[in-house]
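Single-letter residue listing:
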There are 2 protein chains.
Amino acid sequence: MKFKRSERIVFITEYLSRRPNERIPLSVFVNKFSQAKSSISEDLRIIKAVFEEESIGRIETTHGAQGGVTFIPHISYEKATKIVDQFKQEISETKRILPGGYLYLSDIVGNSSLMAQFGDLIATMYDDKKIDAIVTIATKGIPMAHAVASKLNVPVAVIRKDNKITEGLTVSVNYVSGSTRKIETMILAKRTLEEGSRVLVIDDFLRAGGSINGVITLMEEFKATVVGVSVLVESKDTPGNRRYKDYTSIVKVSKIDEYNETFVVEEGNCLEYFRKR
Amino acid sequence: MKFKRSERIVFITEYLSRRPNERIPLSVFVNKFSQAKSSISEDLRIIKAVFEEESIGRIETTHGAQGGVTFIPHISYEKATKIVDQFKQEISETKRILPGGYLYLSDIVGNSSLMAQFGDLIATMYDDKKIDAIVTIATKGIPMAHAVASKLNVPVAVIRKDNKITEGLTVSVNYVSGSTRKIETMILAKRTLEEGSRVLVIDDFLRAGGSINGVITLMEEFKATVVGVSVLVESKDTPGNRRYKDYTSIVKVSKIDEYNETFVVEEGNCLEYFRKR
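Conventions we followed
- Residues numbered from 1 in each chain as written.
- Chains lettered and ligands numbered in written order.
- Predicted model: local features only at pLDDT ≥ 70, side-chain atom pairs only at ≥ 80, totals over all residues.
- Heavy atoms only, no water.
- Helix = DSSP H or I, 4+ residues; strand = E, 2+ residues; numbered from the N terminus.
- Buried < 20%, exposed > 50% of the residue type's maximum accessible area, 1.4 Å probe, protein only.
- Polar contact = N/O pair within 3.5 Å; in protein donor to acceptor, adjacent residues only side chain to side chain.
- Contact = heavy atoms within 4.5 Å.
- Domains from an automatic or database assignment.
- Buried area = accessible area lost by both parts, 1.4 Å probe.
- Least-squares fit on C-alpha atoms with pLDDT ≥ 70 in both.
- Salt bridge = Lys/Arg side-chain N within 4 Å of Asp/Glu carboxyl O.
- Pairing = 2+ DSSP bridges.
- Axes fitted to C-alpha atoms, helices over the stretch in contact; angles between N-to-C directions.
- UniProt positions renumbered as here; feature names shortened; annotations may be inferred.
- Expected span 1.5 Å × (residues − 1).
- Phe/Tyr/Trp six-rings, centres within 6.5 Å; stacked < 30°, edge-to-face > 60°.
- Lys NZ or Arg CZ within 6 Å of the ring centre and 35° of its normal.

(A) Examining the side chain of T248 of chain A more closely. All names here are of chain A. Relative to the assigned elements, T248 resides in strand β12 (residues 247–257). Look at T248 and you get buried, because its relative accessible area is 10%. Among the polar contacts made by the side chain of T248, one reaches the side chain of Y126 at a distance of 2.9 Å. Within polar-contact distance, the side chain of T248 engages the side chain of S230 at 2.8 Å. Beyond its immediate chain neighbours, meaning those up to four positions away, T248 contacts M125, Y126, V229, S230, V231 and N269.

(B) Main features of the domain arrangement of chain A. Residues and elements named next belong to chain A. Structurally, chain A comprises domain 1 (5–73) and domain 2 (77–276). Each of domain 1 and domain 2 was reduced to a C-alpha centroid, and the two centroids are 33 Å apart. The interface of domain 1 with domain 2 comprises 9 residues on the first partner and 8 residues on the second. Regarding the contact of domain 1 and domain 2, the summed buried area is about 610 Å², with carbon and sulfur atoms giving 40% of it.

(C) View of the relation of the copies chain A and chain B. Each copy of the sequence occupies a distinct position, and chain A is placed on chain B by a rotation of 180° and an axial shift of 0.0 Å, giving an RMSD of 0.0 Å. Here the symmetry operator amounts to a two-fold rotation axis. Looking at the rotation axis and the C-alpha trace of chain A, the residue lying nearest is S6 of chain A, at 2.7 Å. A high fraction, 100%, of the interface residues of chain A reappear at the interface in chain B, so the copies pair face to face through one surface.

(D) Broad picture of the interface of chain A and chain B. If you look at the interface, chain A gives 53 residues, while chain B gives 53 residues. For the pair chain A and chain B, the summed buried area comes to about 4500 Å², and 61% of that belongs to carbon and sulfur atoms. When the buried area of chain A at its contact with chain B is split by residue, V10, Y104 and R191 of chain A rank highest and sum to 14% of it. For the interface between chain A and chain B, the tally reads 6 salt bridges. Two residues, E54 of chain B and K32 of chain A, come together in a salt bridge whose shortest N-O distance is 2.7 Å.

(E) Up close: the sheet that holds strand β11 (residues 225–235) of chain A. Residues and elements named next belong to chain A. Within the open sheet, the 6 strands sit side by side as β7-β6-β10-β11-β12-β13. Their pairing is mixed. Bordering the open sheet on either side are β7 (156–159) and β13 (262–267), each of which pairs with just one other strand. Each adjacent strand pair in this sheet contributes to an overall mean axis angle of 25°, direction not counted. Bridge analysis of β11 against β12 gives 6 bridges, and the strand direction is parallel. Its bridge partner lying in β12, E234 is registered against K252. Across the face of the sheet, helix α6 (residues 112–126) comes into contact with β10 (198–206), β11 and β12 while running at roughly 140° to β11.

(F) Spatial organisation of the pattern of salt bridges. If you walk through the whole model with that rule in mind, you get 42 salt bridges over all chains. Salt-bridge contacts for D128 of chain A lead to K129 of chain A; the nearest nitrogen and oxygen are separated by 3.5 Å. In this structure, R160 of chain B engages D162 of chain B in a salt bridge whose closest nitrogen and oxygen atoms are separated by 3.2 Å. Looking at D162 of chain B, the relative accessible area reads 41%, which means it is partly exposed. Beyond isolated ion pairs, a larger network of salt bridges with shared partners links E14 and R18 of chain A together with D120 and K151 of chain B.

(G) Highlighting the UniProt feature "domain: Bacterial purine repressor N-terminal" (unreviewed entry) in chain A. The sites that carry the UniProt feature "domain: Bacterial purine repressor N-terminal" (unreviewed entry) are, in the present numbering, residues 4–73 of chain A. The annotated region residues 4–73 of chain A carries 54% helix and 20% strand content, and the separation between its end C-alpha atoms amounts to 27 Å.

(H) Spatial organisation of the side chain of R96 of chain B. Looking at the element boundaries, R96 of chain B is found in the loop between α4 (77–93) and β4 (97–98). Within the local environment of R96 of chain B, its side chain forms a polar contact with the side chain of D107 of chain B, the two groups lying 2.9 Å apart. With sequence-adjacent residues up to four places away left out, R96 of chain B is seen in contact with R191 of chain A together with E90, I91, Y102, L103, Y104, L105, D107, I108 and F263 of chain B.

(I) Region of interest: the pairing of strand β3 (residues 68–73) of chain B. Residues and elements named next belong to chain B. Most of β3 sits out of view: 6 of its 6 residues are buried. Of the two faces of β3, the one lined by G68, T70 and I72 and the one lined by V69, F71 and P73 are each fully buried. Sheet topology places strand β1 (residues 24–25) next to β3; 2 bridges connect them, and they run antiparallel. Across the sheet, P25 pairs through a bridge with G68, a residue of β3. Looking at chain direction, strand β2 (residues 57–62) and β3 are connected through 6 bridges and run antiparallel. Of the residues in β3, the one forming a bridge with T61 is V69. The turn linking β2 back onto β3 is made up of 5 residues, and G64 within it adopts a positive phi angle of 90°.

(J) Just helix α8 (residues 210–221) of chain A, in detail. Residues and elements named next belong to chain A. The terminal C-alpha atoms of α8 lie 17 Å apart, and with 12 residues this matches the ideal 16 Å at 1.5 Å per residue to within 8%. Looking at the buried residues of α8, the elements they touch are β6 (133–137), β7, β8 (170–176), β9 (183–189), β10 and β11. The positive-phi residue at the C-terminal boundary of α8 is K223, with phi of around 50°.

(K) Focus on the packing of aromatic side chains. Enumeration according to the criterion identifies 14 aromatic pairs over all chains in this entry. With centroids separated by 5.2 Å and ring planes inclined at 70°, the aromatic side chains of F51 of chain A and F71 of chain A adopt a geometry described as edge-to-face. Taken as a pair, F51 of chain A in helix α3 (residues 37–53) and F71 of chain A in strand β3 (residues 68–73) lie far apart in primary sequence, 20 residues in all. Taken individually, F51 of chain A and F71 of chain A each receive the classification buried, so the pair is uniform in this respect. A centroid spacing of 5.4 Å and a plane angle of 90° characterise the contact between Y273 of chain A and F274 of chain A, whose relative ring orientation is edge-to-face. Of the two residues, Y273 of chain A and F274 of chain A, both sit in the buried class. In textbook terms, an aromatic cluster arises when at least three aromatic residues are bridged by ring pairs, as seen for F3, F11, Y15, F29 and F33 of chain A. Sitting above the plane of the Y15 of chain A ring, R19 of chain A keeps its charged end 3.6 Å from the centroid. Across from the ring centre of F222 of chain B, 4.9 Å away, lies the NZ or CZ of K190 of chain B, which sits over that ring.

(L) A look at unusual backbone geometry. Residue T139 of chain A follows A138 of chain A across a cis peptide bond; omega there is 0°. The residue T139 of chain A is located in the loop between β6 and α7 (142–152) in this model. The phi angle at N21 of chain B is positive, at roughly 55°, despite the residue not being glycine. Along the chain, N21 of chain B falls in the loop between α1 (5–17) and β1. Even without glycine at this site, N153 of chain B takes up a positive phi of about 60°.

If you want it as structure tokens, here you go:
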């Protein structure tokens, strides 16, 4: 097949979209299409303009013999606001209050296209933080952790609360659950996280912060730097003793009324980040 | 911004890539670009040709007032073989044998770009099966389950082995683990799966099949039809008593030698599916 410009553009757009934050040597496209670098650069210029105009992301090119192109997902404040507003509506529509005032979120974390949107949002907030890995706590944090990891092109390490033989050598910490005051254990396989990594912690729900305190202690054992903590839903009712203050959230819930099955949803502090830019 | 054809093509390619198996009304693009339907159809024709040529997927358009376009990820036998071959190599490179002859897979399920490739592969195999939901077992199956779900545009329901208050009303079954012969419990929140759904079961590892037997029993309670079972790694050493026979696997491992830390990897039966096409 001999490719015309419009056809090359289809291929390159799809190729880059699928490989966020991965540096692609220009030679990949030069060889694929048997075209001069200048033609490929012109293709990339067109893609770059649309990606920026449409708030999809940035296209960064480096020149010279080692020339390459990287697609960095990056959304605007307007797009972030739209995602948060739609989610506020979605989370309010369904009956979610469970006995004990817990919030049912399984349908939300089971929605991979919603997770992908949060992946874009969170990746934008942390894209200049040189993150090496995403750390999450099993099980509800895993889908959002992978959504962010796929955008930042980094691995995911999953902390478990039960020790399984399939983890090999593990490191564990005991911590006090902020809401129930029970002592629990967290375990991370030694091999899943490189020592000295810069990590972003992702979780579904931030209540009193006991789990996050546990994660932070566990990260010290891995000599890791916690660059940030980002959660889907933050509870305003139980601020508790949050050792880590610099977290971001997509939405905040409060006034959970178990008997009338009502609660209040507001935007989380993630949009403050976009406003500050 | 006034969009030229090449610019429209960037936008539409990215828009469709991000929304697999979602029918997009043509009016989305007609309105966005203030263009006649015929121009948009020509844009789509170009994208379709490249997506087919490059084994990315199919672009299906329906005409008339309700006209729409759907991107269906669909890879070729050649691409599937390449994915499986690369994975065979990757899984063989690292030391993976754990005490008891278990295989360490956390690094693999923590790699979201690898999961996305398996998502394409598995979605291709099951794309004509009218799947309503993906069902998986916590925790290692979750990343691949989401990778497939995002391609098929369906929700994920996660079966847990511990009952958590945040699940609400649950249905549970006891089953016998095929390898350890212990009685275990599986739980699925009533709300995460609609009754009568057609489900595809995804898991990381198929050993004796006890977990899958448990899932099948649980699915009967939800009046669900199990359309298929697809696993990342299948063990050839312990065929056990697999009640469900029609599963697919990416790779098969055998001759796990705990003391010499060796094992044999072959391609799974997923490629047979592609050969039969």
